[in-house]
Amino acid sequence: ARCPEMTLQVRIGNARETLRALTEAQVDAAIVSDPPGDNNFTYEPLFSDRLCVAMPANHPLAGAEMFPFSAMAESRLLVREPASRTRIATEHTLSIAGVAPAEVMELHTRETIREGVALGLGVSTFISSECPPDPRIAYAPLEHVPGGGELAGYVVCLTERSRTRLMRAVMEGVG
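Residues numbered from 1 in each chain as written. Predicted model: local features only at pLDDT ≥ 70, side-chain atom pairs only at ≥ 80, totals over all residues. Heavy atoms only, no water.

A. Molecular detail of helix H1 (residues 15-23). Buried within H1 are the following residues: Ala-15, Thr-18, Leu-19, Ala-21 and Leu-22. Seen along its axis, H1 keeps its buried residues to an arc of 155°; they face one direction. In H1, the exposed positions that point more than 90 degrees away from the buried face belong to Arg-16 and Thr-23. Packed against the buried residues of H1 are strand E1 (30-33), strand E2 (41-56), helix H3 (85-97) and strand E7 (150-158). Looking one or two residues beyond H1, the residue adopting positive phi is Ala-25, at roughly 55°. (Buried < 20%, exposed > 50% of the residue type's maximum accessible area, 1.4 Å probe, protein only. Helix = DSSP H or I, 4+ residues; strand = E, 2+ residues; numbered from the N terminus. Arc of directions from axis to C-beta. Contact = heavy atoms within 4.5 Å.)

If you want it as structure tokens, here you go:
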């Protein structure tokens, strides 16, 4: 509303693709989870979120208040590509807890993973804000372990462009 001349285009990609698009000036700003500290970028905190486990609606733990690590050790875990911040946070959390899933299956998009969960191929992790209602899927927070299970999101732009009118407006809109 403060910048009616501004247009908006939404793209979805992993963190590596998103930071490359920023570096190559294909986009002006982006929202990324847990970005690497890099002086080429300016970061503004946007959100903090927890990992949740998506499971088929008929899973024995559907409706549980929390998904225990012991159940993860008995599950097939559906994951995104290795560069996915959600996958990295999940693997880090499971490592801290000393738990390994029974099996891992790599799929490449959130949508494909949601369909895999709905079809009963396994369970997966999402940040809680990425858990849209779907009657075929139940969600529960992953058991808490100190130092794991949380992701932070930031609005990011190139530092050299951070003082432009557009980027000032974007960053002020975040606060």
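Still to come is the rest of the account.
B. Molecular detail of the nonpolar core. Grouped together as the largest cluster of nonpolar side chains are 19 residues, with contacts concentrated most on Phe-67, Met-72, Val-123 and Leu-142. Elements supplying a minimum of two residues to this core: E2, helix H2 (69-72), strand E3 (76-79), H3, strand E5 (123-127) and strand E6 (137-141). Apart from residues no more than four positions distant in its own chain, Phe-67 is found in contact with Val-53, Met-55, His-59, Leu-61, Met-72, Ser-75, Val-123, Ala-140, Pro-141, Leu-142 and Glu-143. If you look at the next biggest cluster of nonpolar residues, it comprises ten residues, including Cys-52, Leu-78, Leu-107 and Cys-131. (Core = buried A, V, L, I, M, F, W, Y, C linked by side-chain atoms within 4.5 Å.)

C. Quick peek at unusual backbone geometry. If you check the backbone angles, Ala-25 has positive phi at about 55° while not being a glycine. Within the fold, Ala-25 resides in the loop between H1 and E1. Looking at Ala-25, the relative accessible area reads 43%, which means it is partly exposed.

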